[in-house]
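Chain residues, written in single-letter form:
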Amino acid sequence: QVQLVESGGGLVQAGGSLRLSCTASGRTFSSYAMGWFRQAPGKEREFVATISRYGLGLSTYYADSVKGRFTISRDNAKNTVFLQMNSLKPEDTAVYYCNAAAGTIVPDNPGHYWGQGTQVTVSS
């Protein structure tokens, strides 16, 4: 069982930056692929980014809409995954959810474990 707790959301002006954090419980964090998804009002949840579990080269993958602006990283010693968001746009406004999988995370097949979400609001 993995429990995920996100933090770092808030209100920011367009062009600004935020860093989201997601801390996981348990001693097997490094064995999980981690990802971020988001859900805007009235829209379906969508994939944002993923980073592989330790041992697979920490490969990353991003949605086209955030590529070059967002960076996912992880600190296995702290059981934490980060999402650095730069050059934020109003269309980035959403609730951001942390996700964990024992295998891999792909855009249309998230992992089993979810956090409670953190709100990101970007004003124009």
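Residues numbered from 1 in each chain as written. Predicted model: local features only at pLDDT ≥ 70, side-chain atom pairs only at ≥ 80, totals over all residues. Heavy atoms only, no water.

**Student:** I tried to follow the overall build of the protein on my own but got confused; where do I start?
**Tutor:** When helices and strands are tallied, the protein shows zero helices and eleven strands. Each helix (α) and strand (β) of the protein, taken in turn from the N terminus, gives the series β-β-β-β-β-β-β-β-β-β-β. For the protein, the C-alpha radius of gyration of 13 Å lies close to 14 Å, the compact-globule estimate for 124 residues. Across its three principal directions, the C-alpha atoms of the protein cover 40 × 25 × 25 Å. Across the 124 residues of the protein, 45% fall into the buried class. Counted over contacts in the protein with a minimum sequence separation of 6, partners at least 24 positions apart contribute 57%. Of the roughly 6400 Å² of accessible surface on the protein, a fraction of 48% belongs to carbon and sulfur atoms. Taken together, the 11 basic and 8 acidic charged side chains of the protein have centroids lying 7 Å from each other. (Helix = DSSP H or I, 4+ residues; strand = E, 2+ residues; numbered from the N terminus. Rg over C-alpha atoms; globule rule 2.2 N^0.38 Å. Buried < 20%, exposed > 50% of the residue type's maximum accessible area, 1.4 Å probe, protein only. Contact = heavy atoms within 4.5 Å. Areas by Shrake-Rupley, 256 points an atom, 1.4 Å probe, with all protein chains shown as cover. Lys, Arg positive; Asp, Glu negative; His and termini not counted. Charge placed at Lys NZ, Arg CZ, Asp CG, Glu CD.)

**Student:** What am I meant to see in the pattern of salt bridges here?
**Tutor:** Once their charged atoms are close, side chains differing in charge can pair, the charge on each being opposite to the other. Applying the stated criterion across every chain, the model contains four salt bridges. Taking the shortest distance from any N to any O, the salt bridge between aspartate 92 and arginine 38 comes out at 2.9 Å. Of the two residues, aspartate 92 sits in the loop between strand 8 (80-85) and strand 9 (94-101) while arginine 38 sits in strand 4 (residues 33-39), which places them 54 residues apart along the sequence. In terms of burial, aspartate 92 and arginine 38 fall into one category: buried. We note a salt bridge from lysine 67 to aspartate 64, for which the minimum N-O separation is 3.1 Å. Within the structure, one salt-bridge network assembled from shared partners comprises Arg38, Glu46, Arg69 and Asp92. (Salt bridge = Lys/Arg side-chain N within 4 Å of Asp/Glu carboxyl O.)

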